[in-house]
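In case you want the letters, here they are:
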Amino acid sequence: MGARIGFMMDTVTGIKNNNMKKIPNYDPSEFEHLIKVFRSLIHKGHVMETPLKISLTDLRMASERGKWWVVGAAWNKPDLPVEEDADKQPKMALVASSFKQNLLDLAVKQRMNTDVRKAIFCTIMNAEDYNDAFQSVMKLHLKNAQEAEIVHVLVHCGLNESPFNPFYSFVLEKFCLLHRRYQKMVLFTLWDKIRCLWDEERQAATLTPVQQKNLASMVAHGLTHNHALPITVLKKINLAQMKLPKLRFLRTVLAHVLLTPTDGQVNDIFAPLVEKKFKAFREMLRLVLVQFIRRNAKKVLKGKFATFSVEFLEGRIAIAEQAILGSNRL
C-alpha cells in the first residue's frame, strides 16, 4: 500500500472514529486558538466594530495605484505623505493630551511616565465597561513592544486598587483570549510579581498586603474564567522556599480554583498537568493540595468560602488529583 493511500486511510479512520490523534500531522492548537478568538468576539451584548484596513485614500486612488486588497491584483505604492502614516498610527503624545487634565494628573500619580502608558491608562479609565476598554485600547493600534505596556498598565492598576476591582482582570482576560502572545505577556508579568511576594536577598516581601491579595485574586480570575490563564502560572513558586506570603497567595488561588467553578471546570483546569514535562510541578501541586489545603481546611473555608463544607472541599481536591494523574475525565 502506497504512502498516499496509507495517509488517506489513517485520516478517514481518525475522522470516522472521532479520534483526531490518529490523523497524521494533525495540530489541534490552531483550532483551539480560533475557538478562543471567536469566544472573545462573540457573546451577548457585544457589537463587532472591526475597522476596515482599506483607507479612503486607497479607494480614491484605486485606478492609479491598483487594488492591493484584492488577491493577485497589481499595486503600485508611491511615497505616502507623512500625514497618511500619522493617521494610521496616531502619536501617543497627541492621544494622551486629548484627555482631561484630572485624568492626566492621575496617570502621573500612578507613575505612567511615558506617552504610551499615559494613553493606555487614560483610555482604560475613560471606558464605560471592560468591553469598551478592550475595544478602545485596540483602536490605539499599538505595535510590538508597545503591546506589553497594555499588560503592564492593567496589572499595575489591578494590584493597587483597593478593594479588588475585577474590571482589570476582565480586560486582561479579553486580551489573553484574543491571541496567545498576550497570554504570554500576562504570564511573564505575573511571574515577576509572584517573585516579588518574597525577596530572598532582602528576606522581606516587596509587595504590600493589598497588592498580595489583589495578585491572588487576579491569578484566580484568569484560571477560572474561560481558561484565560493555564494552571502553570503557579509553577514559578518553589516549595523549598515557601514563605508565608507565598503560602497565603497559593492558598487563596487554590481556594478559588477548587471552590468557585463546577466539577468539570476543576477537572479541565488541572488536566493539562498530565503531560510528562510537568512532572515536577505536578508533584509539587499535589503536595500543596494535601499539606496546605486538605489538612488546613479551616484556614481555607473562611470569609467568602465559609459556607462550603470540609467534605465538599475534599471532594474537589479528589477531582483535582484525579485530573492531575489522568485517571478520570469528566
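Residues numbered from 1 in each chain as written. Predicted model: local features only at pLDDT ≥ 70, side-chain atom pairs only at ≥ 80, totals over all residues. Heavy atoms only, no water.

Within the chain one finds 18 helices and 0 strands. Looking at the chain as a whole, 39% of its 330 residues are labelled buried. Relative to all contacts within the chain whose residues are 6 or more apart in sequence, the contacts with residues 24 or more apart total 63%. Accessible surface, the chain: about 19800 Å² in total, of which carbon and sulfur atoms supply 55%. (Helix = DSSP H or I, 4+ residues; strand = E, 2+ residues; numbered from the N terminus. Buried < 20%, exposed > 50% of the residue type's maximum accessible area, 1.4 Å probe, protein only. Contact = heavy atoms within 4.5 Å. Areas by Shrake-Rupley, 256 points an atom, 1.4 Å probe, with all protein chains shown as cover.)

With 84 residues, the main nonpolar core has Leu234, Phe249, Leu258 and Phe270 as its most contacted residues. Looking at this core, the element that brings in the most residues is helix H14 (residues 244–259), giving 9 residues. Beyond its immediate sequence surroundings of up to four residues, Leu234 is in contact with Val219, Phe249, Leu250, Val253, Leu254, Phe281 and Met284. (Core = buried A, V, L, I, M, F, W, Y, C linked by side-chain atoms within 4.5 Å.)

Under the defined criterion, the tally for this structure stands at 7 aromatic pairs. On the numbers, 5.6 Å between centres and 70 degrees between planes, the contact of Phe188 with Trp191 is edge-to-face. Here Phe188 pairs with Trp191, and both are found in helix H12 (residues 180–195), just 3 residues apart, close to one helical turn. Cluster of aromatic residues (ring-pair linked, three or more members): Phe134, Phe175 and Tyr182. It is Lys236 that lies over the ring of Trp191; its NZ or CZ is 4.9 Å from the centre. (Phe/Tyr/Trp six-rings, centres within 6.5 Å; stacked < 30°, edge-to-face > 60°. Lys NZ or Arg CZ within 6 Å of the ring centre and 35° of its normal.)

What follows covers the confidence of the model for the chain. Should pLDDT be low for a region, the predicted coordinates there are not to be read in detail. For the chain, per-residue confidence averages 85 on the pLDDT scale, and 89% of positions sit at 70 or higher. Segment residues 80–89: pLDDT under 50, and 10 contacts once partners within four positions in sequence are set aside and those in other chains are kept. (pLDDT = per-residue confidence, 0-100.)

Right, let's talk about a positive patch on the surface for a bit. Residues Lys36, Arg39, Arg180 and Lys184 make up a contiguous surface patch of positive charge. Secondary structure elements with two or more residues in the positive patch: helix H2 (28–41) and H12. Along the chain, Lys184 turns up in helix H12. Judged by its relative accessible area of 42%, Lys184 falls in the partly exposed class. (Patch = residues over 30% accessible without salt bridge, like charges linked within 9 Å, V, L, I, M, F, W, Y side chains within 5 Å. Salt bridge = Lys/Arg side-chain N within 4 Å of Asp/Glu carboxyl O. Lys, Arg positive; Asp, Glu negative; His and termini not counted. Charge placed at Lys NZ, Arg CZ, Asp CG, Glu CD.)

Buried residues dominate helix H8 (residues 115–125), accounting for 8 of its 11 residues. Within the span of H8, buried status applies to Val116, Arg117, Ala119, Ile120, Phe121, Cys122, Thr123 and Ile124. On its buried face, H8 is in contact with helix H6 (92–97), helix H7 (101–109), helix H9 (130–138), helix H10 (145–160) and helix H11 (167–178).

Its location among the elements puts Phe164 in the loop between H10 and H11. Separated by 50 residues in sequence, Phe164 and Asn214 have C-alpha atoms that sit 5.7 Å apart. Not counting residues within four places of it along the chain, the set of residues in contact with Phe164 comprises Gly158, Ser169, Asn214, Ser217 and Met218.

This part covers the side chain of His221. Inspection of the secondary structure assignment puts His221 in helix H13 (residues 209–224). Apart from the residues within four sequence positions on either side, His221 is in contact with Ser169, Phe170 and Glu173.

With that settled, the discussion passes to the packing of H10 against H11. Their axes nearest at 9 Å, the elements H10 and H11 cross at an angle of 155 degrees. Accordingly, the angle class assigned to the pair H10 and H11 is roughly antiparallel. Of the two possible hands of crossing, H10 and H11 adopt the one that is left-handed. Contacts between H10 and H11 involve Ile150, Val151, Leu154, Val155, Cys157 and Gly158 on the former and, on the latter, Tyr168, Val171, Leu172 and Phe175. (Axes fitted to C-alpha atoms, helices over the stretch in contact; angles between N-to-C directions. Parallel < 35°, antiparallel > 145°, perpendicular 65-115°, else oblique. Left-handed = near helix turned anticlockwise from the far one by under 90°.)

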